[in-house]
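Listed below, chain by chain, are the residues.
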Amino acid sequence: YQLPRVGSRVCAECLWSCGGPRLPPPGVPGEAEQPAPELVEVEVGSTALLKCGLSQSQGNLSHVDWFSVHKEKRIPIFRVRQGQGQSEPGEYQHRLSLQDRGATLALTQVTPHDERIFLCQGKRPRSQEHRIQLRVYKAPEEPNIQVNALGIPVDSKEPEEVATCVGRNGYPIPQVIWYKNGRPLKEEKNRVHIQSSQTVESSGLYTLQSILKAQLVKEDKDAQFYCELNYRLPSGNHMKESREVTVPVFYPTEKVWLEVEPVGMLKEGDRVEIRCLADGNPPPHFSISKQNPSTREAEEETTNDNGVLVLEPAQKEHSGLYECQGLDLDTMISLPSEPQELLVNYVSDVRVSPAAPERQEGSSLTLICEAESSQDLEFQWLREETGQVLERGPVLQLHDLKREAGGGYRCVASVPSIPGLNRTQLVNVAVFGPPWMAFKERKVWVKENMMLNLSCEASGHPRPTISWNVNGTASEQDQDPQRVLSTLNVLVTPELLETGVECTASNDLGKNTSVLFLELVNLTTLTPDSNTTTGLSTSTASLGCARASFLPQRKLPEPESQGVVIVAVIVCILVLAVLGAVLYFLYKKGKLPCGRSGKQEITLPPSRKSEFVVEVKSDKLPEEMGLLQGSSGDKRAPGDQGEKYIDLRH
């Protein structure tokens with residue numbers, strides 16, 4: 001027979017009037033106490049396997065009806081006929097399937113709404129049934145904690161909100177526990193109150209909100225609060241913790257004091273910060289004052305926006321007695337700090353006596369250095385030009401003064417206990433004497449028709465003046481009180497190449513001269529250093545095949561002309577051999593004043609009428625004779641186009 005139906009439900013009352021299985025009416029207990037249902041636990045979103053506990057014989061499982069019990073009402077959800085399953089219309093129509101040869105009903109995509117009792121009922125014997133309790137679980141999200149950013153005053157009469165903890169999308173409702181500094185908090189009358197509430201989402205999951213209220217004291221200003229959610233899953237009990245938070249705690253100021261940075265001994269030039277501190281929250285309004293050493297009255301100093309007095313750079317005048325005042329804007333009570341002495345160490349008034357010493361050569365001089373300081377001083381004397389330490393102590397003795405002893409001497413006064421604290425004083429010692437030149441003779445390599453800057457330096461006391469023997473733009477610059485540098489800007493002309501340039505330094509005690517020889521740069525060799533200096537006492541004759549000159553650029557000879565170049569080289573070598581023979585002949589005749597132990601200077605009279613020149617003529621281009629040029633650096637005569645000379649004048 002077919003059970004009558006009301007909508008999708010089986011009419012349970014009709015089962016009593018029909019000859020079918022007997023079921024008690026809804027809400028009416030059976031004649032015997034029913035056993036406890038089998039417990040099945042699953043997580044939200046997974047599949048629940050509901051096993052029918054009837055006899056496992058194939059005949060008992062070939063005719064089974066499945067029901068869900070909701071609000072004490074049985075709702076048919078699935079039936080099995082001849083081993084074939086079919087879902088009943090309703091909320092489970094598309095989520096049920098038969099497994100394990102009909103012994104298990106699988107429910108997919110479990111939700112919190114599925115937490116209920118399911119039962120299976122067989123046709124025989126006597127409508128046997130098996131009850132299953134389905135439990136659903138869902139872990140909540142990580143707890144979110146929000147602290148009371150406005151803060152809590154310690155003088156509050158009742159508990160104030162400390163923080164709020166929220167745990168979202170959990171099932172069933174998790175349990176919340178509050179902690180302070182790692183210890184759990186419990187309800188305490190007029191001290192701790194925990195207020196919790198929950199919201200059911202449309203998905204059936206719960207959102208829990210818990211508010212912690214407490215009365216705090218000053219010692220709680222650094223306390224760490226957090227909440228913990230405890231929940232259960234099929235695998236067991238679990239928990240999740242929030243981050244730790246600190247709530248602002250407001251308490252009155254009891255003490256004010258000063259703090260100076262940097263810590264330790266201060267010196268002039270340091271950046272010094274003086275700030276006020278207090279043990280209240282919020283801090284009071286600060287002001288800093290310094291005692292006037294003359295009137296002994298406190299004078300308020302100007303501070304920045306943060307109430308910090310910045311001394312940059314610190315000076316010895318900043319030393320003194322400082323005090324801070326903290327004004328509580330709520331109570332309008334002002335609290336002073338203890339006065340604090342500030343000492344800025346210094347070294348000042350470094351002086352040397354005599355201040356401008358002048359001495360004759362051969363005399364002696366005593367220099368004495370003095371200074372003022374807040375600490376013990378050390379002195380040392382340095383030579384200004386070289387930085388060499390001459391003496392350690394305030395007195396420097398100079399004996400048998402020479403011209404070279406003139407110049408700068410620096411006294412350094414330092415505090416050894418404070419690195420970097422020192423001051424210096426420079427004194428210039430003048431030694432009477434005629435001008436002394438930096439060089440007597442110097443060779444300068446130039447190009448014709450170029451503008452040339454020549455320099456000449458002289459020292460002496462009294463201060464010398466410098467003059468030039470050629471016209472040009474000259475300027476002088478003092479290097480120190482006894483040393484002067486003169487610069488001449490002049491055009492290089494053939495006449496200037498012949499005569500050279502002289503600079504003369506003079507003062508009341510005499511004069512001195514330096515000579516600058518101008519030489520043309522040789523294009524076929526590397527350009528010599530323009531600062532080459534030659535002494536007065538040595539001059540070496542330089543022999544070569546050609547005189548240095550500027551030559552026009554031409555194309556190199558073709559390979560077939562290389563034989564001609566080789567012939568020219570051989571000719572030059574033969575000429576040198578002949579020259580050597582001539583010199584040897586003259587030496588034997590006593591015409592040459594050359595010694596056997598070293599070189600002598602070959603000199604010629606200024607008239608140049610007896611110049612001894614060996615001429616080599618060639619019809620080749622000057623470039624082809626480039627290999628024959630010597631390194632003497634002599635310049636070519638303006639009319640010389642292809643002739644080569646070995647000039648014995650230099």
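Scoring rules and cut-offs
- Residues numbered from 1 in each chain as written.
- Predicted model: local features only at pLDDT ≥ 70, side-chain atom pairs only at ≥ 80, totals over all residues.
- Heavy atoms only, no water.
- Helix = DSSP H or I, 4+ residues; strand = E, 2+ residues; numbered from the N terminus.
- Contact = heavy atoms within 4.5 Å.
- Areas by Shrake-Rupley, 256 points an atom, 1.4 Å probe, with all protein chains shown as cover.
- Pairing = 2+ DSSP bridges.
- Axes fitted to C-alpha atoms, helices over the stretch in contact; angles between N-to-C directions.
- Salt bridge = Lys/Arg side-chain N within 4 Å of Asp/Glu carboxyl O.
- Buried < 20%, exposed > 50% of the residue type's maximum accessible area, 1.4 Å probe, protein only.
- pLDDT = per-residue confidence, 0-100.
- Core = buried A, V, L, I, M, F, W, Y, C linked by side-chain atoms within 4.5 Å.
- Patch = residues over 30% accessible without salt bridge, like charges linked within 9 Å, V, L, I, M, F, W, Y side chains within 5 Å.

## Concerning the overall build of the protein
Inference 1: A count of helical and extended segments in the protein gives four helices and 49 strands.
Inference 2: Summarising the internal contacts of the protein: among those between residues at least 6 apart in sequence, 63% fall at separations of at least 24.
Inference 3: Just so you have it, the protein exposes about 37900 Å², and 50% of that area is on carbon and sulfur atoms.

## Describing the sheet that holds strand β34 (residues 365-373)
Inference 1: Pairing within the open sheet is antiparallel, and its three strands lie in the order β32-β34-β37. Two strands lie at the open edges of the sheet, namely β32 (347-353) and β37 (395-398), each paired on one side alone. Across the sheet, the axes of successive neighbouring strands diverge by a mean angle of 15 degrees, strand direction being ignored.
Inference 2: Bridge count for β34 against β37 is four bridges, and the pairing is antiparallel.

## Observations regarding the pattern of salt bridges
Two side chains bearing opposite charge may form a pair once their charged atoms approach each other closely.
Inference 1: Evaluation of the coordinates by the stated rule reveals 25 salt bridges.
Inference 2: Of the charged contacts in the structure, one is a salt bridge between Glu 372 and Arg 351, with a shortest N-O distance of 3.5 Å. In this pair, Glu 372 is assigned in strand β34 and Arg 351 in strand β32, connecting sequence segments 21 residues apart.
Inference 3: Taking relative accessible area as the criterion, Arg 351 reaches 36% and is therefore assigned partly exposed.
Inference 4: Through salt bridges that share partners, Glu 261, Arg 271, Glu 273, Arg 275 and Glu 312 make up one connected network.

## Some remarks on the confidence of the model for the protein
Caution is warranted with low-pLDDT regions, since their predicted coordinates should not be read in detail.
Inference 1: In this model, the protein carries a mean pLDDT of 80, and residues with pLDDT of at least 70 account for 77%.
Inference 2: Within the model, the stretch residues 1-31 combines pLDDT values under 50 with 38 contacts to residues more than four positions away or in other chains.
Inference 3: When the criterion is pLDDT under 50, residues 594-650 qualifies, and its contacts beyond four places in sequence or with other chains add up to 113 contacts.

## Quick look at the nonpolar core
Inference 1: With 24 residues, the main nonpolar core has Trp 66, Ile 77, Leu 107 and Leu 134 as its most contacted residues.
Inference 2: Of all the secondary structure elements, the ones that give two or more residues to this core are β3 (38-43), β4 (48-51), β5 (63-70), β6 (73-81), β9 (104-107), β10 (117-122) and β11 (129-137).
Inference 3: With sequence-adjacent residues up to four places away left out, Trp 66 is seen in contact with Leu 50, Lys 51, Cys 52, Ile 75, Pro 76, Ile 77, Phe 78, Leu 105, Leu 119, Cys 120 and Ile 132.
Inference 4: The next biggest cluster of nonpolar side chains, apart from the first, holds 23 residues, and it includes Cys 456, Leu 496, Val 501 and Leu 518.

## Description of a nonpolar patch on the surface
Inference 1: A surface patch of nonpolar side chains, about 300 Å² in accessible area, is lined by Ile 566, Ile 570 and Leu 574.
Inference 2: Of note, Ile 570 is situated in helix α4 (residues 562-588).
Inference 3: Using a relative accessible area of 45% as the deciding quantity, one classes Ile 570 as partly exposed.

## Some points on unusual backbone geometry
Inference 1: Cis peptide bonds are those with omega within 30 degrees of zero, and the linkage from Asn 281 to Pro 282 qualifies with 0 degrees.
Inference 2: As for its placement among the helices and strands, Pro 282 is situated in the loop between β24 (272-278) and β25 (285-291).
Inference 3: With a phi angle near 55 degrees, Asn 181 is a residue other than glycine that sits in the positive phi range.
Inference 4: Within the secondary structure layout, Asn 181 lies in the loop between β15 (175-180) and β16 (183-184).

## Here we look at the sheet that holds strand β17 (residues 192-200)
Inference 1: Within the open sheet, the four strands sit side by side as β12-β14-β18-β17. Their pairing is antiparallel. Strand pairing shows two members of the sheet lacking a second neighbour, β12 (144-147) and β17, which therefore form its edges. When the angles between neighbouring strand axes are averaged without regard to direction, this sheet yields 15 degrees.
Inference 2: Pairing between strand β14 (residues 160-170) and strand β18 (residues 206-214): eight bridges, direction antiparallel. Opposite Cys 165, over in β18, you have Ser 210 as the bridge partner.

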